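The chain contents come next:
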4 protein chains.
Amino acid sequence: MTEAFVAPHPPYLLTVFLEDTDATGFVYHSNYLKYCERARTELLYHKGVSHAKLIESHRAMFVVYSIVCQFLAPARLEDQLLIYTDIESIQGARINLKQSIVKDGQLLVKADIALACVDQNSQPPKPIRVPKFIISALNSKT
Amino acid sequence: MTEAFVAPHPPYLLTVFLEDTDATGFVYHSNYLKYCERARTELLYHKGVSHAKLIESHRAMFVVYSIVCQFLAPARLEDQLLIYTDIESIQGARINLKQSIVKDGQLLVKADIALACVDQNSQPPKPIRVPKFIISALNSKT
Amino acid sequence: MTEAFVAPHPPYLLTVFLEDTDATGFVYHSNYLKYCERARTELLYHKGVSHAKLIESHRAMFVVYSIVCQFLAPARLEDQLLIYTDIESIQGARINLKQSIVKDGQLLVKADIALACVDQNSQPPKPIRVPKFIISALNSKT
Amino acid sequence: MTEAFVAPHPPYLLTVFLEDTDATGFVYHSNYLKYCERARTELLYHKGVSHAKLIESHRAMFVVYSIVCQFLAPARLEDQLLIYTDIESIQGARINLKQSIVKDGQLLVKADIALACVDQNSQPPKPIRVPKFIISALNSKT
């Protein structure tokens, strides 16, 4: 069953450090995906869902299943970036997110990211339904 | 104008080191994109095209414009991976690649990656046509 | 000439994300050095010194010259860490720092880090005196 | 008991990729420590010691205990680097290594690295004696 919704969440703020950049002078492309992961992790924390809890209580974890990502403009050293995360839908084992990286109102990167909830103990990892407490947490307005 | 072709290239081989993995025990998702970048860079070197030369002779560089990526199965510490790179097409400023990460014959990750050739000195970076010597190099069979 | 002093600065706070960890379940060792660099960069920003300004106005940049580092206890996913930075001395081209990474009052990592101020345009980079405005900024109490 | 010896091993070869560099145009300082870890891991593999085996057979793993590192000259994009690893001594739970990163005969980075063998299951990780099969492997000439 699908529970589609778009909820505006407060963006995640970060500063670009030297470690994030490469010799082109811009942020190395795959680091934007780290930024997205930080932002959605913080969103989950904010809603009371932690990786550690998820593993302990449900032996479950989220893995990235697919990414569709466009790099529209680059970020540089010392830039302040906002990362927006919107939960598009939760379907079975999957959570679909839209994430945007914005600098001074300009969209730099947009990413559609599908996470899969998997059983931590199965080899290879098997998809399992997103636990109900996570769906509730994600649907909460706080 | 489009110059579409599919050329089989020798794959790039790498070993998964501790730095590549995360606390799930698998390779951290964005690191697969680093692997892809290593593989296509080596392919270009192999064909005589280097970043350094490109910047010096044409003040041009390649940036990643878009990524469509599926993570089908995970890699682990000490895995030996092959990364295959096929050049799908070169159109104006853009090079479209298909890359695959394979372990023991199993497809782990597949990625469609679009690179844009940009003028290094323009701010923001402006797309410029892929220089002819690169098209020739990429079309060469060696 | 040496201007030795120890000034207590507010620590830099960060959360350990998945990207920081490795398959041992702990933070990958070299990532603690990234944390230290974030902390000292923020300290410089806080005192009005930015990389970008330094490069523009003085064609200078800081590079890490040496590190002496002990890893006493590990950090894990979701840990909240404090990074303390104390400026030990500024001598000619060099700034000597003591940095500590602390979790819940426990010292995890301590690092002695020497930065060298170098001329951005010389090849290889040549050491130059730390600009006076930086010494003043670092000595300021705010 | 100490078993001190210096054995010359074949160096580990790598190419600097874009991911390794930062906006200064050089390799980001902490990435040299990743290079060292790749080199000593390959040395262990070469001698028949793998992380995976070590964990399975002895529930042991190596962690970095301390680093003393000097960055003498920088590496750039596309540089070919050699990393030399010499085992200085094995004492109880500790292995002391000297590692050097060399480009075209020039020493770029030298690092004294102490590894600690720890029990994977203890929290926090407790040091344990380096297993004998590892000492034998490291002492072997092949």
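Nothing here was measured: the structure is a model prediction, and the numbers come from that model.

(A) Quick peek at the relation of the copies chain A and chain B. For the pair chain A and chain B, the best superposition has an RMSD of 0.0 Å and corresponds to a rotation of 180° with a translation of 0.0 Å parallel to the axis. Put plainly, the chains are arranged around a two-fold axis. The rotation axis passes nearest to the C-alpha of V68(A) in chain A, at a distance of 2.2 Å.

(B) Spatial organisation of the relation of the copies chain D and chain A. At an RMSD of 0.0 Å, chain D and chain A line up after a rotation of 180° and a shift of 0.0 Å along the axis. Comparing interface residues between copies, 100% of those in chain D also lie at the interface in chain A; the contact surface is shared.

(C) Representation of the interface of chain A and chain B. Every contact between the two is made by 23 residues of chain A and, on the other side, 23 residues of chain B. Both faces considered, chain A and chain B share a buried interface measuring about 2200 Å² in area, 62% of it formed by carbon and sulfur atoms. Between the two partners, chain A and chain B, sit 0 salt bridges. One can count 8 residue pairs in polar contact (both at pLDDT 80 or more) joining chain A with chain B. Counting only elements with at least two residues in the side of chain A that touches chain B, the list comes to α1 (31-46) and β2 (60-71) of chain A.

(D) Broad picture of the side chain of R40(C). If you trace the backbone, R40(C) turns up in helix α1 (residues 31-46). The buried charged residue R40(C) lacks any salt bridge, with E37(C) as its nearest oppositely charged partner at 5.2 Å. Separated by 3.0 Å, the side chains of R40(C) and Q99(C) make a polar contact. With near-sequence residues (within four places) excluded, R40(C) lies in contact with V64(C), T85(C), L97(C), Q99(C), I113(C), L115(C) and H29(D).

(E) Quick peek at the pattern of salt bridges. Counted by the stated rule, this structure contains 12 salt bridges over all chains. We note a salt bridge from E19(D) to R38(B), for which the minimum N-O separation is 2.8 Å. With E19(D) in the loop between β1 (12-15) and α1 (31-46) and R38(B) in helix α1 (residues 31-46), the pair connects residues from two separate chains. Taking relative accessible area as the criterion, E19(D) reaches 10% and is therefore assigned buried. Residue classification places R38(B) among the buried residues on the basis of a relative accessible area of 6%.

(F) Local environment of the interface of chain D and chain A. Listed by partner, the interface residues are 8 residues for chain D and 8 residues for chain A. Carbon and sulfur atoms supply 75% of the area buried between chain D and chain A, which totals about 700 Å² over both sides. Considering only the surface of chain D that becomes buried against chain A, L18(D), A23(D) and Y28(D) emerge as the three largest contributors, covering 57% of it. Across the chain D-chain A interface, the total number found is 0 salt bridges. Here chain D and chain A share 4 residue pairs in polar contact (both at pLDDT 80 or more) between them. Along the lines of polarity and charge, the residues of the side of chain D that touches chain A split into 3 nonpolar, 3 polar and 2 charged.

Thresholds applied
- Residues numbered from 1 in each chain as written.
- Chains lettered and ligands numbered in written order.
- Predicted model: local features only at pLDDT ≥ 70, side-chain atom pairs only at ≥ 80, totals over all residues.
- Heavy atoms only, no water.
- Least-squares fit on C-alpha atoms with pLDDT ≥ 70 in both.
- Contact = heavy atoms within 4.5 Å.
- Buried area = accessible area lost by both parts, 1.4 Å probe.
- Salt bridge = Lys/Arg side-chain N within 4 Å of Asp/Glu carboxyl O.
- Polar contact = N/O pair within 3.5 Å; in protein donor to acceptor, adjacent residues only side chain to side chain.
- Helix = DSSP H or I, 4+ residues; strand = E, 2+ residues; numbered from the N terminus.
- Buried < 20%, exposed > 50% of the residue type's maximum accessible area, 1.4 Å probe, protein only.
- Lys, Arg positive; Asp, Glu negative; His and termini not counted.
- Nonpolar A, V, L, I, M, F, W, Y, C, P; charged D, E, K, R; others polar.

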